[in-house]
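Listed below, chain by chain, are the residues.
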Amino acid sequence: MQYKLVALRKSDGETQRDIASLLGITEQAYRNKENGKTEFKMNEMFDLARHFNAKIEEIFLPRKYTIREQMKDKIK
């Protein structure tokens, strides 16, 4: 799951439907990507980084990033 992306989306008051529309994909396709069932395309990552005014690496987690590591980063 892309926890940082979810947090950014929610802090901006946006729904999964809003972001799906931004990316030009269905809400279900976006939900699958946000939940880690499918991967984001590189152009989608750039679009989201631009939308949230952040760097890609600030939003997206490496593939092997564990939940424990995510929680450790959250505490910092």
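Rules behind the numbers
- Residues numbered from 1 in each chain as written.
- Predicted model: local features only at pLDDT ≥ 70, side-chain atom pairs only at ≥ 80, totals over all residues.
- Heavy atoms only, no water.
- Helix = DSSP H or I, 4+ residues; strand = E, 2+ residues; numbered from the N terminus.
- Contact = heavy atoms within 4.5 Å.
- Areas by Shrake-Rupley, 256 points an atom, 1.4 Å probe, with all protein chains shown as cover.
- Buried < 20%, exposed > 50% of the residue type's maximum accessible area, 1.4 Å probe, protein only.
- Polar contact = N/O pair within 3.5 Å; in protein donor to acceptor, adjacent residues only side chain to side chain.
- Core = buried A, V, L, I, M, F, W, Y, C linked by side-chain atoms within 4.5 Å.
- Phe/Tyr/Trp six-rings, centres within 6.5 Å; stacked < 30°, edge-to-face > 60°.

Novice: So what exactly am I meant to see when it comes to the overall build of the protein here?
Specialist: A tally of regular secondary structure across the protein gives six helices and zero strands. Listed by position from the N terminus, the elements making up the protein come as α-α-α-α-α-α. Considering only contacts within the protein whose residues lie at least 6 apart along the sequence, 51% involve residues at least 24 apart. Roughly 5,500 Å² of accessible area belongs to the protein as shown, and the carbon and sulfur atoms make up 52% of that amount.

Novice: When you look at the environment of glutamate 58 in this model, what are you seeing that I'm missing?
Specialist: Residue position: glutamate 58 is located in helix 5 (residues 56-59). On the accessibility criterion, glutamate 58 (43% relative accessible area) is partly exposed. Between the C-alpha atom of glutamate 58 and that of lysine 4, which follows or precedes it by 54 residues, the distance is 7.8 Å. Within the structure, glutamate 58 has its side chain in polar contact with the backbone nitrogen of lysine 55 (distance 2.9 Å).

Novice: For this particular structure, what's the right way to read the nonpolar core?
Specialist: A general trend in soluble globular proteins is that nonpolar side chains are found buried together. Counting residues in hydrophobic clusters, the biggest one holds 13 residues, and the most contacted among them are Leu5, Tyr30, Phe40, Leu48 and Phe60. At the level of secondary structure, the elements contributing two or more residues to this core comprise helix 2 (16-23), helix 4 (42-51) and helix 5. Beyond its immediate chain neighbours, meaning those up to four positions away, phenylalanine 60 contacts Gln2, Leu5, Phe40, Met45 and Leu48.

Novice: Even after reading the chapter, I still don't get the packing of aromatic side chains, so can you show me in this structure?
Specialist: For any pair of aromatic rings, the description consists of the separation of the ring centres together with the inter-plane angle of the planes. According to the stated counting rule, one finds two aromatic pairs in the structure shown. Taken together, a centroid distance of 6.0 Å and an interplanar angle of 65 degrees make the contact between tyrosine 30 and phenylalanine 40 edge-to-face. Of the two residues, tyrosine 30 is situated in helix 3 (residues 27-34) and phenylalanine 40 in the loop between helix 3 and helix 4; the sequence distance between them amounts to 10 residues. Each member of the pair tyrosine 30 and phenylalanine 40 is classed as buried.

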